[in-house]
Each structure stands twice: as C-alpha cells, then as structure tokens.
Amino acid sequence: MASSADRLPYAADAESPLKEAELAVLRKQYEGEGQYVGVQTKFNYAWGLIKSDKRAEQQLGVRLLTDIFKDYPERRRECVYYLALGHYRLGNYAEARQYNEILLGKEPGNLQSQSLRGLIDDKVAREGLLGVAIIGGVAMVATIVGSAIWKGVARHR
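All values derive from a computational prediction rather than experimental measurement.

Conventions used here
- Residues numbered from 1 in each chain as written.
- Predicted model: local features only at pLDDT ≥ 70, side-chain atom pairs only at ≥ 80, totals over all residues.
- Heavy atoms only, no water.
- Helix = DSSP H or I, 4+ residues; strand = E, 2+ residues; numbered from the N terminus.
- Contact = heavy atoms within 4.5 Å.
- Areas by Shrake-Rupley, 256 points an atom, 1.4 Å probe, with all protein chains shown as cover.
- Expected span 1.5 Å × (residues − 1).
- Axes fitted to C-alpha atoms, helices over the stretch in contact; angles between N-to-C directions.
- Parallel < 35°, antiparallel > 145°, perpendicular 65-115°, else oblique.
- Left-handed = near helix turned anticlockwise from the far one by under 90°.
- Nonpolar A, V, L, I, M, F, W, Y, C, P; charged D, E, K, R; others polar.
- Buried < 20%, exposed > 50% of the residue type's maximum accessible area, 1.4 Å probe, protein only.
- Core = buried A, V, L, I, M, F, W, Y, C linked by side-chain atoms within 4.5 Å.
- Polar contact = N/O pair within 3.5 Å; in protein donor to acceptor, adjacent residues only side chain to side chain.
- Phe/Tyr/Trp six-rings, centres within 6.5 Å; stacked < 30°, edge-to-face > 60°.
- Lys NZ or Arg CZ within 6 Å of the ring centre and 35° of its normal.

Caption draft 1: Spotlight on the overall build of the chain. Within the chain one finds 7 helices and 0 strands. Ordering the α and β elements of the chain from the N terminus gives α-α-α-α-α-α-α. When contacts within the chain are restricted to residue pairs at least 6 apart in sequence, long-range pairs at least 24 apart make up 57% of them. Working note: accessible area of the chain is about 9,700 Å², and carbon and sulfur atoms make up 60% of it.

Caption draft 2: Quick look at helix 2 (residues 20-32). The terminal C-alpha atoms of helix 2, which comprises 13 residues, lie 18 Å apart, in line with the 18 Å expected from a rise of 1.5 Å per residue. A positive phi of about 55° marks Gly 34, the residue just after helix 2.

Caption draft 3: Spatial organisation of the packing of helix 3 (residues 39-50) against helix 5 (residues 76-90). In contact at an axis separation of 10 Å, helix 3 and helix 5 are set at 25° when each is read in the N-to-C sense. Considered as vectors, helix 3 and helix 5 are oriented roughly parallel to each other. Viewed along their axes, helix 3 and helix 5 form a crossing whose handedness is left-handed. Contacts between helix 3 and helix 5 involve Phe 43, Trp 47 and Ile 50 from the first element and Glu 78, Cys 79, Tyr 82, Leu 85, Gly 86 and Arg 89 from the second. Residues belonging to the contact of helix 3 with helix 5 are distributed by class as follows: 6 nonpolar, 1 polar and 2 charged.

Caption draft 4: Layout of helix 5. When the terminal C-alpha atoms of helix 5 are compared, their 20 Å separation across 15 residues agrees well with the 21 Å that a helix rising 1.5 Å per residue should span. Most of helix 5 sits out of view: 12 of its 15 residues are buried. The set of residues buried in helix 5 consists of Cys 79, Val 80, Tyr 81, Tyr 82, Leu 83, Ala 84, Leu 85, Gly 86, His 87, Tyr 88, Arg 89 and Leu 90.

Caption draft 5: Geometry of the nonpolar core. Counting residues in each nonpolar core, the largest one holds 27 residues, and the members touching the most others are Leu 65, Tyr 82, Leu 85, Tyr 88 and Leu 116. A total of 9 residues in this core trace back to one element, the largest contributor, which is helix 5.

Caption draft 6: Main features of the side chain of Arg 75. In this fold, Arg 75 is placed in the loop between helix 4 (55-71) and helix 5. For Arg 75, a relative accessible area of 12% translates into the label buried. At 2.7 Å, the side chain of Arg 75 and the side chain of Gln 40 are in polar contact. Setting aside its immediate chain neighbours within four residues, Arg 75 contacts Val 39, Gln 40, Phe 43 and Ile 68.

Caption draft 7: Summary view of the packing of aromatic side chains. Scanning all chains against the criterion turns up 5 aromatic pairs. An angle of 80° between the planes, with centres 5.7 Å apart, marks the rings of Phe 43 and Tyr 82 as edge-to-face. Of the two residues, Phe 43 is situated in helix 3 and Tyr 82 in helix 5; the sequence distance between them amounts to 39 residues. By relative accessible area, which is 8% here, Phe 43 ends up buried. Each ring, one from Tyr 81 and one from Tyr 82, has its centre 5.0 Å from the other, and the planes form 80°; the classification is edge-to-face. The buried category is assigned to Tyr 82, whose relative accessible area is 4%. Ring pairing ties together the aromatic residues Phe 43, Tyr 81 and Tyr 82, which thus form one cluster. Sitting over the face of the ring of Phe 43, Arg 75 holds its NZ or CZ atom 5.6 Å from the ring centroid. The positively charged end of Arg 76 is found above the aromatic ring belonging to Phe 69, 5.2 Å away from the centroid.

Purely geometric stuff here, so don't read any function into it on its own.
Here you go:
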C-alpha cells in the first residue's frame, strides 16, 4: 500500500501550473459550496491556486491552506507541505523552509519534502549570489561616482 507521501507529487511537479480550465473547475466547486464549503473542496482549490503562475492566486492558496492548517488539526500533515510549496513559489524562502522542516522533522525520509528542500536551498543560493553581485555592482558605481565627485571638488580648490 502506498503511503500518502508516495501519492503526492515531487516538488518539481508543482512547477507546472494547472490549465485555466482545470483551475476553473476547482474554483466553481469551491464557490458553489458557498459558506458551507467542505474542507476537501477548500484544500483542492488551494492546491490548484498554489500551482498557478499568478501571484495573487498563489497568495490566496496559501491563505486558504493556512485556514485549514489552523482549523483542522487532522489535516495539518497534508497542509504543511503545500504551505511550504506555496511560500516557495511566492519567494518566501524562510517561511517555505520553516514549514518544510516541520514535515521533515516528522518524516525525515519524505522524498517530496527532501526534493523541496533542495529547490529552496538552490534558490536561496542563486538569489544570494545575485544579491551579492547587485550589492557589489552598486558599491562599484558608488565608488566611481564618489571618486568623480572627489576629483571635481579637488580641482576646484
């Protein structure tokens, strides 16, 4: 029998968004249930939103999952991974890592979560190097501008 982790996609699978028509089906079901929306319907819709390429939809997906996480303790295990994934997709790497580490603490052998850990670490490393390059470039420009100003002041004395 497959465990729940075996039935969930590896993190890389989540990089491909649902087709708009597929998300529309989930949205219609969610909205159709109104104020009495079921937790599974809410979860399914949140899952689809997190896979979206649209930031606002990803944010809504994270909010819905956060509600489920808070209100349904029995659903926390399945929410925690998707909260990590949602924050990763939003670029909130600290939050993504925090949720992912919760899951890895409970399930160290979870391949899905290990995969996401690798994606988070790679993204942080790449963006960290980019940040260092940007800061280095700004410092270089500031040095050149400062030097030019200093030379201009020195000539006018």
